[in-house]
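This is what each chain is made of:
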Amino acid sequence: MAAGDVVFFDQWLADVQEALHDHEAGSFNLGLITNAVTPSATTSDPRWGAGGGTNLSTSQVTPGGNYSSGGPSIANPTVTLTGGAGVWDADDVAIAQNASNPATARWGIIYNAGNNRCVGFVDLGGVIDLSAGDFSVTWNASGIESLNQAA
Amino acid sequence: MPYKASINPTADQKALRNIARIKTLRAAIEKHAVRGNTEKVAELQAEHDRRMEDVQALKAELDAL
């Protein structure tokens, strides 16, 4: 994997078909975690909290500065039909430099703040010290993800 | 299929993203306007306007070369 790679959890494939996510009206956050765990597509029923198979919030970075517990919101989610694909996109995420920001961010966890079910994760490429400089995740020009008919 | 994001993107990456997101926002604004979701339209319009300002600022820099 490389910096910026976005991976969706296998569990999300089932959750979305059980209407457990509304990718436009719902509230989504990007929680930052340390390298204490390595998420993968197969991570068991990942949650940002108790109640599932894996509670990723237990590896959250230490909140402080411009990073509040739970992580920043992924604002303005949109779902559009583009070229035969349903595309999920949203505003980018930015955290301004602050001396009290967490210093050990390794992964960004995309999760539904309404039910704490995780959607996927972003590889930050290495441990990032947010106290040393501004931090931002800019989604791809094509969006965060798309769903289309299988060939 | 998830798409690759940029961590601490370059100016070029930001510019490409702004243009693509503006196109997406216009489609989403049109959809929600038809549905009468005025609150959502206002939120999306604010992001649209912010990104347009970024693009205009970049254009001004180019025009000044």
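Because the structure is predicted, anything quoted here is derived from the model rather than measured. (Residues numbered from 1 in each chain as written. Chains lettered and ligands numbered in written order. Predicted model: local features only at pLDDT ≥ 70, side-chain atom pairs only at ≥ 80, totals over all residues. Heavy atoms only, no water.)

Some points on the sheet that holds strand β7 (residues 93-95) of chain A
Reading across from one edge, β7(A)-β10(A)-β1(B) is the order of the three strands in this open sheet, with antiparallel pairing throughout. Looking at the sheet topology across the chains shown, the edges are occupied by β7 of chain A together with β1 (6-7) of chain B. As defined by bridge partners, β7 of chain A adjoins strand β10 (residues 135-138) of chain A across three bridges and the pair is classed as antiparallel. Bridged to Ile95 of chain A within β10 of chain A is Phe135 of chain A. (Pairing = 2+ DSSP bridges. Helix = DSSP H or I, 4+ residues; strand = E, 2+ residues; numbered from the N terminus.)

Focus: a nonpolar patch on the surface
Residues and elements named next belong to chain B. There is a patch of nonpolar side chains on the surface, built from Leu58, Leu62 and Leu65 and spanning about 350 Å² of accessible area. Looking at where Leu62 falls in the secondary structure, it is placed in helix α2 (residues 38-63). Using a relative accessible area of 52% as the deciding quantity, one classes Leu62 as exposed. (Patch = residues over 30% accessible without salt bridge, like charges linked within 9 Å, V, L, I, M, F, W, Y side chains within 5 Å. Areas by Shrake-Rupley, 256 points an atom, 1.4 Å probe, with all protein chains shown as cover. Salt bridge = Lys/Arg side-chain N within 4 Å of Asp/Glu carboxyl O. Buried < 20%, exposed > 50% of the residue type's maximum accessible area, 1.4 Å probe, protein only.)

Details of the environment of Gly51 of chain A
Within the secondary structure, Gly51 of chain A sits in the loop between β3 (46-47) and β4 (54-55). Spatially, the C-alpha atom of Gly51 of chain A lies 30 Å from that of Thr138 of chain A, the residues being 87 residues apart in sequence.

Here's the deal with the interface of chain A and chain B
With 34 residues of chain A in contact, the opposing surface of chain B contributes 25 residues. Interface of chain A and chain B: buried area, both sides summed, is about 2,400 Å²; carbon and sulfur atoms make up 46% of it. It is Glu24, Asn76 and Thr138 of chain A that lose the most area in chain A upon contact with chain B, and together they represent 22% of the buried surface on that side. Counting every contact that joins chain A to chain B gives eight salt bridges. The salt bridge involving Arg17 of chain B is made with Asp89 of chain A; its shortest N-O contact spans 3.0 Å. (Contact = heavy atoms within 4.5 Å. Buried area = accessible area lost by both parts, 1.4 Å probe.)

Quick notes on the side chain of His21 of chain A
Residue and element names in this part refer to chain A. Considering the arrangement of structural elements, one finds His21 in the loop between α1 (10-17) and β2 (28-33). Overall, His21 belongs to the buried group, its relative accessible area being 8%. Here the side chain of His21 touches Asn112 through a polar contact of 3.1 Å, side chain to side chain. The contact partners of His21, leaving out residues within four places of it in the chain, are Trp12, Asp15, Val16, Phe28, Asn112, Asn115, Arg117, Cys118 and Val119. (Polar contact = N/O pair within 3.5 Å; in protein donor to acceptor, adjacent residues only side chain to side chain.)

Concerning the pairing of strand β8 (residues 105-112) of chain A
For a regular strand, the rule is simple: side chains alternate between the two faces of the sheet. Residue and element names in this part refer to chain A. Buried residues dominate β8, accounting for eight of its eight residues. Pairing of β2 with β8, which is carried by six bridges, proceeds in the antiparallel orientation. Bridge assignment links Leu32 to a residue of β8, and that residue is Gly108. Sheet topology places β8 next to strand β9 (residues 118-128); six bridges connect them, and they run antiparallel. Looking at the pairing, Gly108 lines up with Val122 of β9. Here β8 hands over to β9 after five residues, with Asn116 in that stretch at a positive phi of 65 degrees.

The values are spatial; any link to function lies outside them.
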